[in-house]
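# Descriptive structure summary
Chain residues, written in single-letter form:
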Amino acid sequence: MPRAPRTSHQVIVIGAGVAGMAAATEAARCGLKTALFDDGLLGGLITNVGAVHGHPGLNQTTGADLVNTMLGEALEAEVDYQPGAVTELVALNDYWSLPGNGVTARRVILATGAGLRTLGVPGEAQLTGRGVSQCAFCDGGLYRGKDVAVVGGGDGAFQEALHLAQLCANVTMILRGRKPRARPTFVRAAADLGNMHFRWLTEVREIVGDEGVDAVRLFEQDGDGEEMLPIAAIFPFIGLVPRTALAPAHAERDNEGGLIVDADMQTDQPGLYAIGAARAGHGGQVAHAIADAKRAAQGAWRSI
Ligand SMILES: Cc1cc2nc3c(=O)[nH]c(=O)nc-3n(C[C@H](O)[C@H](O)[C@H](O)COP(=O)(O)OP(=O)(O)OC[C@H]3O[C@@H](n4cnc5c(N)ncnc54)[C@H](O)[C@@H]3O)c2cc1C
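Residues numbered from 1 in each chain as written. Predicted model: local features only at pLDDT ≥ 70, side-chain atom pairs only at ≥ 80, totals over all residues. Heavy atoms only, no water.

Applying the stated criterion across every chain yields a total of 11 salt bridges. Residue Arg 199 pairs with Glu 220 through a salt bridge whose shortest N-O separation is 3.5 Å. Here the residue Arg 199 occupies a position in strand S11 (residues 196–199), and Glu 220 occupies one in strand S13 (residues 215–220), the gap between them amounting to 21 residues. By relative accessible area, Glu 220 is classed as partly exposed at 28%. Measuring nitrogen to oxygen at the nearest pair gives 2.4 Å for the salt bridge that ties Arg 217 to Glu 226. The network of salt bridges with shared partners includes Glu 203, Arg 205, Glu 206, Arg 217 and Glu 226. (Salt bridge = Lys/Arg side-chain N within 4 Å of Asp/Glu carboxyl O. Helix = DSSP H or I, 4+ residues; strand = E, 2+ residues; numbered from the N terminus. Buried < 20%, exposed > 50% of the residue type's maximum accessible area, 1.4 Å probe, protein only.)

Let us now look at the sheet that holds S13. Strand pairs in the sheet, formed through backbone hydrogen bonds, run parallel or antiparallel to each other. Taken in spatial order, the three strands line up as S12-S13-S14 in an open sheet, and their pairing is antiparallel. The open sheet has two free edges, formed respectively by strand S12 (202–208) and strand S14 (225–230), since each of these has just one partner strand. Strand-to-strand twist of the sheet, defined as the mean angle between neighbouring strand axes without regard to direction, takes the value 30°. Here six bridges tie S13 to S14, and the two strands are oriented antiparallel to one another. Residue Leu 218 lies in a different strand from S14, and its bridge partner there is Glu 227. (Pairing = 2+ DSSP bridges. Axes fitted to C-alpha atoms, helices over the stretch in contact; angles between N-to-C directions.)

Quite often, the size of an interface is put as the accessible area lost when its parts meet. In terms of domains, the chain is made up of domain 1 (11–116 + 240–303) and domain 2 (124–236). Computed over C-alpha atoms only, the centres of domain 1 and domain 2 are separated by 31 Å. Taken together, the contact between domain 1 and domain 2 spans eight residues of the former and eight residues of the latter. Taking both sides of the interface into account, the surface hidden between domain 1 and domain 2 amounts to around 630 Å²; carbon and sulfur atoms contribute 55%. Three residues, Asn 48, His 53 and Leu 116, lead the burial of domain 1 against domain 2; their summed loss comes to 63% of the area buried on that side. Applying the counting criterion to the domain 1 and domain 2 interface returns zero salt bridges. Where domain 1 packs against domain 2, one counts one residue pair in polar contact (both at pLDDT 80 or more). (Domains from an automatic or database assignment. Contact = heavy atoms within 4.5 Å. Buried area = accessible area lost by both parts, 1.4 Å probe. Polar contact = N/O pair within 3.5 Å; in protein donor to acceptor, adjacent residues only side chain to side chain.)

Summarising burial for strand S2 (residues 34–38): five of the five residues are buried, a large majority. Of the two faces of S2, the one holding Thr 34, Leu 36 and Asp 38 and the one holding Ala 35 and Phe 37 are both buried throughout. Of the pairings in the sheet, the one linking strand S1 (residues 11–14) to S2 comprises four bridges and is parallel in character. Counted as the bridge partner of Val 11 is Thr 34 from S2. This β-α-β element, S2 to helix H2 (residues 63–76) to strand S3 (residues 80–83), shows right-handed connectivity. (Right-handed = clockwise from strand over helix to strand, strands pointing away.)

Bringing the site of the ligand into the picture now. The ligand sits among 35 residues. The nearest are Asp 38, Asp 39, Leu 45, His 53 and Gln 159. Gly 44 is positioned such that a nitrogen or oxygen atom in its backbone is 3.4 Å from an oxygen atom of the ligand. For the ligand, whose unbound accessible area comes to 1,000 Å², protein coverage reaches 93%. Listed by contribution, the elements that provide at least two residues to the shell around the ligand are helix H1 (18–29), strand S8 (114–116) and helix H5 (155–165). (Near = heavy atom within 4 Å. Areas by Shrake-Rupley, 256 points an atom, 1.4 Å probe, with all protein chains shown as cover.)

The tally for this structure, following the rule as stated, stands at one disulfide. Residue Cys 135 pairs covalently with Cys 138 via a disulfide, S to S 2.0 Å. Because the sign of the S-S torsion sets the handedness, a value of about 75° for the bond joining Cys 135 and Cys 138 places this disulfide among the right-handed ones. Classification of Cys 135 as buried rests on a relative accessible area of 9%. Take Cys 138: its relative accessible area is 43%, and that puts it in the partly exposed class. Just so you know, Cys 168 is unpaired, no disulfide at all, and the nearest cysteine sulfur is the one on Cys 135, 13 Å from it. Judged by relative accessible area, which is 5%, Cys 168 ranks as buried. (Disulfide = S-S within 2.5 Å.)

In structure tokens:
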């Protein structure tokens, strides 16, 4: 009878956003030797959020504080945290290997999250960092007293726009649809502000400028065609693209690339779990990512 492989860890978690940190902590608390890897921005998407909304017990906590607390919990649970990108994930007989990181485990939890979708219009790439930004909390102060635009109609877009409205002269929200997807509390708060303006059924066609952003070329679906809106900066928040390239190419994914999972968050690849923004059907909030994490870690623990 073949002997079970001797792996360096029982569980490896890839990605230390809220999902990955919560999964690693839970796995370690279940008594599993757990490694956690992250490629740079520890904490992921929530790190730069000025006030975390909608999470029970965390009224107005900053994303950075939440990340610090969660990392502290992971280290206290004796998670083996190893900063560094994971570049390769290989399935062997009944375990997984990360050849570039020198570790192996029977269970891998993929918590690599998502990137912010970009507009893909002319001018965007050239002006990124010079007026095109996806972090109002990092860059909003640069445009104090100026006119800016936010693209998108979800919670993230409204949240960032509300922050910008405290700093900037005018904030124009550009939305492709007739109504926003964001929570009504955000929408009401935005509608109550005199310096927030809304352009419904409108698409961005081009971002115009040389040294920085000067204007945005808009197309209004019900209007008379294109028009220029002068602005000093534009902040696109139009959704997420799951980062799942590490999973085997044949693993089942949805149209966006998110990995399809069962009730324990296991993919169709035995021993490989996917949680948070990396999986198909992520609920969109920190609480959803943490719930996924607990399920995956406990599923891994029960199955080992
Ligand atoms: C603007 C904005 C505002 C938001 N505000 C709120 C809010 O107020 N309340 C709320 O509940 N939710 C909010 N959210 C949603 C919340 O941020 C996400 O649901 C949550 O952060 C997803 O966490 P995650 O761990 O799944 O992914 P991510 O946060 O994307 O983390 C993934 C991590 O994996 C790492 N990684 C990726 N690839 C690799 C690799 N190959 N090797 C090693 N590491 C890797 C990344 O560096 C990152 O640290 C907001 C989102 C946005 C965009």
